[in-house]
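# Per-entry structural report
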Amino acid sequence: MKKIIIICGHYGCGKTNLSLNLAIEAAKDGQQVVLVDLDVVNPYFRSSEYGELLSEYHVRLIAPVYANSTLDIPSLSPAIHSVLSDESDGLVIIDAGGDDVGATALGQFAREISQGPYEMYYVVNHYRPLSIEAEDTVGLLREIEFASRLKATGVVNNSHLKQETRAESILEAVPYGKEAAQKLGLPLCFTTVPDFLENELQGKVENLHPVKVYVRSPWE
């Protein structure tokens, strides 16, 4: 049976980097993986920009029709419908756009997605504006759920400071992730950590999930 994982959250919380990591991890494990880029709002940090990387691991990418061009016109690929309706085994990861505006595109596929089992991870980042306090995450998620017509099933604590992330940054944000999940009434699925900090934080953070930093700013 096909498994669907949706990655949603606030702008800049790290959805795309997490989507890339989950897709590549699953592909390495022998799964047939499709990564759907639904971010038709933000012209930067899209999964579509990493087609070559994904192809190395035989991950199929479905990108907006005008991705990687000089045009920035929201246009979703018709291939998304066929992938969601396909009953074959495999994993579909959907990298949704940020906030409720980006989640509107996701809502176009709500009926197809809700017909089968799915996971919708709400990604939170303690170090992003508008979501610094755990209680701030509640209103943001409710707007995303309303726009997408889908319900979140779990929280991912992806608190980081990009290249400035240190072990202390992760440890400081652990209570935030737990509190956000508690206020939302959802399980905290895992806390991400850049893979270069994994050894330093092993045993100090529950449900630690190391990730590679694929997504970088143009100036990095």
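Relevant structure appears above.
Residues numbered from 1 in each chain as written. Predicted model: local features only at pLDDT ≥ 70, side-chain atom pairs only at ≥ 80, totals over all residues. Heavy atoms only, no water.

Let us look at the environment of V101. Looking at the element boundaries, V101 is found in helix 4 (residues 99–107). You can call V101 partly exposed: its relative accessible area is 49%. (Helix = DSSP H or I, 4+ residues; strand = E, 2+ residues; numbered from the N terminus. Buried < 20%, exposed > 50% of the residue type's maximum accessible area, 1.4 Å probe, protein only.)

Once that is clear, we can look at helix 4. All of the buried residues along helix 4 are D99, G102, A103, A105, L106 and G107. Where the residues of helix 4 are buried, they touch strand 1 (2–9), strand 4 (90–95), helix 5 (110–114) and helix 6 (136–148). (Contact = heavy atoms within 4.5 Å.)

Orientation of helix 4 relative to helix 6, taken along the N-to-C sense of each, is 25 degrees, at an axis distance of 7 Å. Taken as axis vectors, helix 4 and helix 6 run roughly parallel relative to one another. Seen from above, helix 4 lies across helix 6 with right-handed handedness. Of the residues in helix 6, those touching helix 4 at D99, D100, A103, T104, L106 and G107 are L140, E143, I144, A147 and S148. Among the residues forming the contact of helix 4 with helix 6, the class breakdown is five nonpolar, three polar and three charged. (Axes fitted to C-alpha atoms, helices over the stretch in contact; angles between N-to-C directions. Parallel < 35°, antiparallel > 145°, perpendicular 65-115°, else oblique. Left-handed = near helix turned anticlockwise from the far one by under 90°. Nonpolar A, V, L, I, M, F, W, Y, C, P; charged D, E, K, R; others polar.)

Spatial strand order, 3-2-4-1-5-6-7-8: eight strands in an open sheet with parallel pairing. Of all the strands in the sheet, just strand 3 (60–62) and strand 8 (208–211) have a single pairing partner and so form its edges. Taking the axes of each pair of neighbouring strands and ignoring which way they run, one obtains an average angle of 25 degrees across the sheet. Bridge analysis of strand 2 (residues 33–37) against strand 4 gives five bridges, and the strand direction is parallel. Each residue of the ladder has a partner; that of V33, found in strand 4, is L91. Contacts between helix 1 (residues 15–28) and the sheet are confined to strand 1, strand 2, strand 4, strand 5 (118–124), strand 6 (154–157), strand 7 (188–194) and strand 8, with strand 4 contributing the most and set at about 170 degrees to the helix. Sheet strands in contact with helix 7 (residues 167–184) are strand 5, strand 6 and strand 7, and its direction is about 160 degrees off that of strand 7. (Pairing = 2+ DSSP bridges.)

Such coordinate-based values are descriptive only and should not be taken to indicate function.
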